[in-house]
Amino acid sequence: MPTTPVSPRMATAACRVLCTLVLSAAASAASAQASAPGWQAGAVLDLSAGSRALALGQRDKGLGLGHSDVSVHGPLGPHLEARGTVAAHTHERKLEVELEEAWVQSRTLPAGLQVRAGRFSSQIGYLNEQHPHADDFIERPLLYRAFLGGHWFDDGLRVNWTAPTDLYLRLGVEVFRGKQLVRDAASARRPGAVVLSSRVGGDLGRSQSWQAGLSLLHNRREAAVDGHAGEGEEEEGHEEHEHEAGHAGHDAHAHGAAFSGRRMWLAELAWKWAPEGNNRQQQVRVSLEHARITGLNRFASGSDRHHATYLGAVWRFAPAWELGVRQDLLRVRQPHEDHFDDGRLRETALMLAYKPTHAQTVRVQYTRQRDRGGFEAATHAVQLQYILNFGAHASHSF
């Protein structure tokens, strides 16, 4: 479902309307739950202000609306459950509203199986499945912003299997249309994208826990390149040619992957420490991810690849205070007609967060970008974020 733009003149008024809707949804949550037993409603308001817009960033300079949403969740009889989420954010002083989630999921399948169908976020990687307002940093890592449009959700089907063991083990396969990942396609096949994922995790004594995962994305939608859109369709046997206006360039706000290819491997590792398992007083969270993309397009050679890595750490040094640092590296081959240019971007982020209640977060972040070629929009910025939760919201991932 494409986003719905609103003119710049209406942006401020639209933000006020959205805030009113969020508050109304929160106020009506109790009555909605009473009228539909087992159903819960919630809303999240994400406001931000930034001194500059970052390269590949997803927040504008000045005041803006981050990933805000209204959602409902509940059972459909004894065997199914469903969720619906409408999200909104501002981009270049325009309010964009989209249906982010609309899925039905099994609850009682045997042998550790679970099936989900509809529109939902892919479980590729450590962060993608959670909503951006649940992140530890104001902007997601370069890996997600460049390769997954920040937060990739799509229309599809998922089948998961969880092993009946003390060690957590989950295997999954997802089949998607893929149009939310590659918006501007020179050629495409159906299904547009397939994700195979695995995740394993456990505890190390009472104070430590860990999780590791590996995912493979097989993308069947080749991104269009200026001057060559649609070439080679007949000889490649592709089923369709699609072109949608507004595809984000590598320095633009992303509405899909800025850099893509036929195959992406993504490895993840996360570790947490809390004294005796009590994370309310103190906690350390460390996450590391690396992605590699091959098969960039029909003009690419075997040596043309995209790479991205980030390492982040967050320290909860008091019940309401957190301090974080993250280092990102992005290396890409930027397509220009039938040749490629090198692109490299480094990013360092420092974050301080104050959480007076479970429902509120005030966060300030300083980000410095260093252009190593191909990212002239690289800059440095100070960003301020305020998040307010109403009613029920999804549980946090590991």
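This structure is a prediction, so every number in the text was calculated from the model and none was measured.

**Q** Explanation requested: the pairing of strand 14 (residues 321-336) in the structure shown.
**A** By the bridge criterion, 11 bridges tie strand 13 (residues 306-318) to strand 14 in an arrangement that is antiparallel. Bridge pairing links Thr309 to Leu329 in strand 14. Hairpin connection of strand 13 to strand 14: 2 residues between the antiparallel strands. Summarising the sheet, strand 14 and strand 15 (residues 339-354) pair through 16 bridges and their orientation is antiparallel. If you follow Leu330 over to strand 15, its bridge partner there is Leu345. The antiparallel pairing of strand 14 with strand 15 creates a hairpin that spans 2 residues between the two strands, and Glu337 there sits at a positive phi of about 55°.

**Q** Would you take a moment to explain the packing of aromatic side chains for this structure?
**A** How two aromatic rings sit relative to each other is set out by the distance from centre to centre and by the angle between their planes. If you walk through the whole model with that rule in mind, you get 5 aromatic pairs. Ring geometry for Phe259 against Phe375: centres 6.3 Å apart, planes inclined by 65°, an arrangement best described as edge-to-face. Taken together, the residues span a long stretch of sequence, with Phe259 in the loop between helix 3 (233-236) and strand 11 (263-273) and Phe375 in the loop between strand 16 (360-371) and strand 17 (380-391) at a distance of 116 residues. Using a relative accessible area of 0% as the deciding quantity, one classes Phe375 as buried. Ring-pair connections join several aromatic residues into one group, and the members of that group are Phe120, Trp152 and Phe176. Geometry around Phe398 places Lys272 over its ring, the cationic atom sitting 4.6 Å from the centre. Seen from the ring of Phe137, Arg326 lies directly overhead, with NZ or CZ sitting 4.8 Å from the centre.

**Q** Is there a simple way to explain unusual backbone geometry in this structure?
**A** One can expect most non-glycine residues to show negative phi and most peptide bonds to be in trans. Residue Arg190 is joined to Pro191 through a cis peptide bond whose omega torsion reads -5°. With respect to the secondary-structure elements, Pro191 resides in strand 9 (residues 185-204). In this structure, Glu92 is a non-glycine residue whose phi angle is positive, near 50°. Within the secondary structure, Glu92 is located in the loop between strand 4 (80-91) and strand 5 (94-106). Assessed through its relative accessible area of 55%, Glu92 is described here as exposed. For Glu276, which is not glycine, the phi torsion reads 55° and is therefore positive.

Rules and cut-offs
- Residues numbered from 1 in each chain as written.
- Predicted model: local features only at pLDDT ≥ 70, side-chain atom pairs only at ≥ 80, totals over all residues.
- Heavy atoms only, no water.
- Pairing = 2+ DSSP bridges.
- Helix = DSSP H or I, 4+ residues; strand = E, 2+ residues; numbered from the N terminus.
- Phe/Tyr/Trp six-rings, centres within 6.5 Å; stacked < 30°, edge-to-face > 60°.
- Buried < 20%, exposed > 50% of the residue type's maximum accessible area, 1.4 Å probe, protein only.
- Lys NZ or Arg CZ within 6 Å of the ring centre and 35° of its normal.

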